[in-house]
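# Remarks on the overall topology
Now for the letters of each chain:
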Amino acid sequence: NHWWLLSVLAIVTVGGVSYFSASRIGFVNNDWYYLDQVARLNANDYLALYFDPRLQSGWYRPLFGMLYWIVYAFWGASTAAHHWAHVVLHIANGLLLFALIRRFTFTVRLALLASLIYVGMPVYSKAVYWISGPDPLSVFFGLIALWCWTNFLQREKRRDYVFAFAGFALALITKEASITIPAVFFLADR
């Protein structure tokens, strides 16, 4: 259907235009702290720092650390690359939101409107511009989990159930606020 293609193009365009300025922002606040870790530590020490719970002082967010590591491995300390990683995740979240709302409401126009508001909303900018925030990555895994959960509710296949809880677990080890996802599963079931 041409509405799907136009909707995807519109979401990508609005998200890209809204956050294009992110490519010109340097590192801010504690972005430098995380960059220092990835640049200074060898691979084993870096992985231990994020995956060994005994080394955590405030939270347990290993997948957030892996995002920093992957971006740094390919593009080094490029501020544009680190910011674009968050922008791409934000746009991907907008696309997932579009698919979920379309699935729940059966209305492409409503799904498009909600997704355009989400990807272009300046209130959300802190999570996109501030690369030491794990929010875009945790939302990505949370939306994947919700997609798989709705698959499970419709098809009742064990695989969908396992994928839903795997997505939940990935979101949870990205940001602990994802503990609310099972409540969202419950609400989706109702």
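Residues numbered from 1 in each chain as written. Predicted model: local features only at pLDDT ≥ 70, side-chain atom pairs only at ≥ 80, totals over all residues. Heavy atoms only, no water.

## A short note on helix 2 (residues 31-40)
Here is the rule: Here's how the labels work: a residue is buried when its accessible area is under 20% of the maximum for its type, exposed when over 50%, partly exposed in between, all with a 1.4 Å probe on protein chains only. Numbering of helices and strands runs from the N terminus, with a helix taken as a DSSP run of H or I at least four residues long and a strand as a DSSP run of E at least two residues long. Here the arc refers to the directions that run from the helix axis out to each C-beta atom. Between two residues, a contact is recorded if the distance between any of their heavy atoms is within 4.5 Å.
Every buried residue of helix 2 is listed here: Asp31, Tyr34, Leu35, Gln37 and Val38. Projected onto a plane normal to the axis of helix 2, the buried residues spread over an arc of 155° and lie on a single side. Along helix 2, the residues that are exposed and aim more than 90 degrees away from the buried face are Trp32 and Arg40. Here the buried face of helix 2 lies against helix 3 (43-51), helix 4 (62-75) and helix 5 (79-105).

## Structural notes on the pattern of salt bridges
Put simply, the rule is: We count a salt bridge whenever a side-chain nitrogen from Lys or Arg sits within 4 Å of a carboxyl oxygen from Asp or Glu.
Evaluation of the coordinates by the stated rule reveals seven salt bridges. One salt bridge connects Asp52 with Arg54, and the closest N-O pair in it is separated by 2.7 Å. Residue classification places Asp52 among the buried positions, given a relative accessible area of 17%. Judged by relative accessible area, Arg54 falls into the exposed class, the value being 72%. Notably, a salt bridge pairs Arg61 with Glu176, separated by 2.5 Å at the nearest N-O pair. One end of the pair, Arg61, is in the loop between helix 3 and helix 4; the other, Glu176, is in the loop between helix 9 (158-172) and helix 10 (181-189), with 115 residues separating them in the sequence. Given the relative accessible area of 9%, Arg61 is considered buried. Judged by its relative accessible area of 36%, Glu176 falls in the partly exposed class.

## Description of empty space enclosed by the protein
Rules: Using only the protein atoms, space was sampled on a 1 Å grid; points where a 1.4 Å probe fits but cannot get out form cavities, open sets with protein on both sides within 12 Å along at least five of seven lines form pockets, and lining residues are those with an atom within 4 Å of a point. Grid points are joined across faces, edges and corners, and a volume is the space filled by probe spheres set on the points. Throughout this entry, Asp, Glu, Lys and Arg are counted as charged residues, while Ala, Val, Leu, Ile, Met, Phe, Trp, Tyr, Cys and Pro are counted as nonpolar. The remaining residues, Gly among them, count as polar.
Scanning all chains against the criterion turns up one cavity of 30 Å³ or more. In this model, the largest cavity occupies a volume close to 40 Å³. Surrounding the largest cavity, Phe64, Leu67, Tyr68, Val71, His82, Ala85, His86 and Ile131 form its lining. Secondary structure elements with two or more residues in the lining of the largest cavity: helix 4 and helix 5. For the lining of the largest cavity, the per-class residue count stands at six nonpolar, two polar and no charged.

## Focus on the nonpolar core
Going by this rule: For this analysis, a nonpolar core means a set of buried residues of the types Ala, Val, Leu, Ile, Met, Phe, Trp, Tyr and Cys, connected via side-chain atoms within 4.5 Å.
Counting residues in each nonpolar core, the largest one holds 30 residues, and the members touching the most others are Tyr46, Leu67, Tyr68, Leu137, Ile181 and Phe185. Elements that contribute at least two residues to this core include exactly helix 2, helix 3, helix 4, helix 5, helix 8 (135-155), helix 9 and helix 10. It is helix 8 that contributes the most residues to this core, seven residues altogether. Not counting the four nearest positions on each side in its chain, Leu67 is found in contact with Ala85, His86, Leu89 and Leu137. Counting eight residues, the second-largest nonpolar core is a separate cluster that includes Ile11, Ile101, Leu112 and Val119.

## Things to note about the packing of aromatic side chains
Under the convention used in this document: Pairing of aromatic rings covers Phe, Tyr and Trp, the last through its six-membered ring, and needs centres within 6.5 Å; plane angles under 30 degrees mean stacked, over 60 mean edge-to-face, and all others mean tilted. Our definition puts a charge over a ring when NZ of Lys or CZ of Arg is within 6 Å of the ring centre and also within 35 degrees of the ring normal.
Throughout the structure, instances matching the rule amount to 19 aromatic pairs. Ring centres of Phe64 and Tyr68 lie 5.5 Å apart, and the angle between their planes is 80°; on these two criteria the pair is classed as edge-to-face. Taken together, the positions of Phe64 and Tyr68, both in helix 4 and four residues apart, correspond to about one turn of that helix. Of the residues examined, Tyr68 reaches a relative accessible area of 3% and is grouped as buried. One aromatic cluster is present, built from ring pairs that chain together Trp149, Phe152, Tyr161, Phe165, Phe168 and Phe185. Here Arg61 stacks its cationic end above the ring of Trp59, 4.3 Å away from the centre of that ring. Above the face of the Trp147 ring, Arg103 is positioned so that its terminal group lies 3.8 Å from the ring centre.

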